[in-house]
Amino acid sequence: MEAVKLACATCGQMNRVPVDRLSAGPKCGSCGEALVDGRVIELDAKAHDKATRGDDLPLLVDYWAPWCGPCRQMAPEFVKAAQSLKGRARLAKLNTEDNPQIAQRTRIQGIPALVLYRGGREVARLAGARPASDIVAFVQGHIA
């Protein structure tokens with residue numbers, strides 16, 4: 001049975017999830033938090049590093065800040081995209097104001113910035129606020 005590794009954003013535990021169970025809402029074996037439920041995951045620095053380096057499922061991270069108007073404008077569209085991509089990709093947010101070291105290390109030069117990771121590597125970037133349809137198309141275009 002084929003499985004993927006997913007980092008829990010809550011406790012940091014790495015979980016192995018059978019591919020055929022991704023759409024069934026798997027939970028973390030350690031803390032019980034949902035791993036793939038169509039919601040946007042809030043990341044801190046530790047969870048960011050663990051997920052971007054360890055997740056087998058594509059992970060799209062929105063690098064944003066609370067003072068950024070376009071970031072706030074795109075937030076509901078990002079939520080819609082997360083629901084559309086449930087089971088095929090996880091979507092997460094990282095507040096660059098709270099985590100400037102991550103923004104610097106990942107070379108974020110403007111926000112909102114969307115970075116797609118897969119298998120521990122950056123796959124693609126997309127700059128600027130986008131509607132849900134563009135976000136979904138971006139991810140699907142890079143994971144097909």
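As shown above, the structure is provided for reference.
Here's what I pulled together on the structure shown here. (Residues numbered from 1 in each chain as written. Predicted model: local features only at pLDDT ≥ 70, side-chain atom pairs only at ≥ 80, totals over all residues. Heavy atoms only, no water.)

Notes on the overall build of the protein
Just so we agree on the cut-off: In DSSP terms, a helix is any run of H or I states spanning at least four residues, a strand is any run of E spanning at least two, and both are numbered starting from the N terminus. C-alpha atoms define the radius of gyration, and 2.2 Å times the number of residues to the power 0.38 defines the globule rule. To sort residues, take the accessible area from a 1.4 Å probe on protein chains only and compare it with the maximum for the residue type: under 20% means buried, over 50% means exposed, and anything in between is partly exposed.
Scanning the protein from terminus to terminus reveals four helices and seven strands. Its helices and strands in sequence order give the protein the pattern β-β-β-α-β-α-β-α-β-β-α, from N to C terminus. A compact globule built from 144 residues would reach a C-alpha radius of gyration of about 15 Å, and the protein, at 14 Å, matches this within 12%. Summarising its shape, the C-alpha atoms of the protein cover approximately 40 × 30 × 25 Å along the three principal directions. Across the 144 residues of the protein, 47% fall into the buried class.

Re helix α2 (residues 69–84)
The condition is simple: The span expected for a helix works out to 1.5 Å for each residue beyond the first. Throughout, bend refers to the angle between the axes fitted to the seven residues that end at a position and the seven residues that start at it. Note on contacts: a residue pair is in contact if any heavy atoms of the two residues lie within 4.5 Å.
Taking 1.5 Å per residue, 16 residues should reach 22 Å; α2 reaches 24 Å between its end C-alpha atoms and fits that length. A maximum bend of about 40° is found in α2 at Ala-75, where proline Pro-76 lies one to four positions downstream. In this structure, the buried side of α2 is in contact with β4 (59–64), β5 (90–95), β6 (113–118) and α4 (132–143).

Concerning unusual backbone geometry
Cis geometry marks the peptide bond from Ile-111 to Pro-112, where omega comes out at 0°. Along the chain, Pro-112 falls in the loop between α3 (100–105) and β6. In the Ramachandran plot, Arg-107 falls in the positive-phi region, its phi being about 60° despite a non-glycine side chain. Mapped onto the elements of the fold, Arg-107 is located in the loop between α3 and β6.

Re the pairing of β5
Basically, it comes down to this: When DSSP finds two or more bridges between two strands, those strands count as paired.
For β5, the buried fraction is high: six of the six residues fall into the buried class. Residues Arg-90, Ala-92 and Leu-94 of β5 are buried on one face, and the alternating residues Leu-91, Lys-93 and Asn-95, pointing to the opposite face, are buried as well. Alignment of strand β3 (residues 41–43) against β5, held across three bridges, turns out to be parallel. Looking at the pairing, Glu-42 lines up with Lys-93 of β5.

Let's talk about helix α1 (residues 45–54)
For the record, the criterion: Two N or O atoms form a polar contact when they lie within 3.5 Å of each other; inside protein one atom must be a possible hydrogen donor and the other a possible acceptor, and for residues adjacent in sequence the pair counts only when both atoms belong to side chains.
Counting buried positions along α1 yields seven of 10 residues, so the element is predominantly enclosed. Taken together, the buried positions of α1 are occupied by Ala-45, Ala-47, His-48, Asp-49, Ala-51, Thr-52 and Gly-54. Between the side-chain oxygen of the N-cap and the backbone nitrogen of Lys-46 there are 3.3 Å, and the N-cap of α1 in question is Asp-44.

Some words on the nonpolar core
Keep this limit in mind: Residues enter a nonpolar core if they are buried and are Ala, Val, Leu, Ile, Met, Phe, Trp, Tyr or Cys, with the set joined through side-chain atoms within 4.5 Å.
Leu-60, Leu-91, Leu-114, Ile-135, Phe-138 and Val-139 are the most contacted members of the largest nonpolar core, which has 18 residues in total. Of all elements in the fold, only α2, β6, β7 (121–127) and α4 reach the threshold of two or more residues within this core. When residues in this core are grouped by element, the largest group, six residues, is from α4. Once residues within four sequence positions are removed from consideration, Phe-138 is found in contact with Leu-60, Leu-116, Ala-124, Arg-125 and Leu-126. One finds Leu-59, Ala-92, Ala-113 and Tyr-117 within the second-largest nonpolar core, a separate group that totals 17 residues.

Details of the pairing of strand β1 (residues 3–7)
In the sheet, β1 pairs with strand β2 (residues 14–18) via five bridges, with the strands oriented antiparallel. Among the inter-strand pairings, Leu-6 is bridged to a residue of β2, identified as Asn-15. What sits between β1 and β2 in their antiparallel hairpin is a turn of six residues, with Gly-12 showing a positive phi close to 85°.

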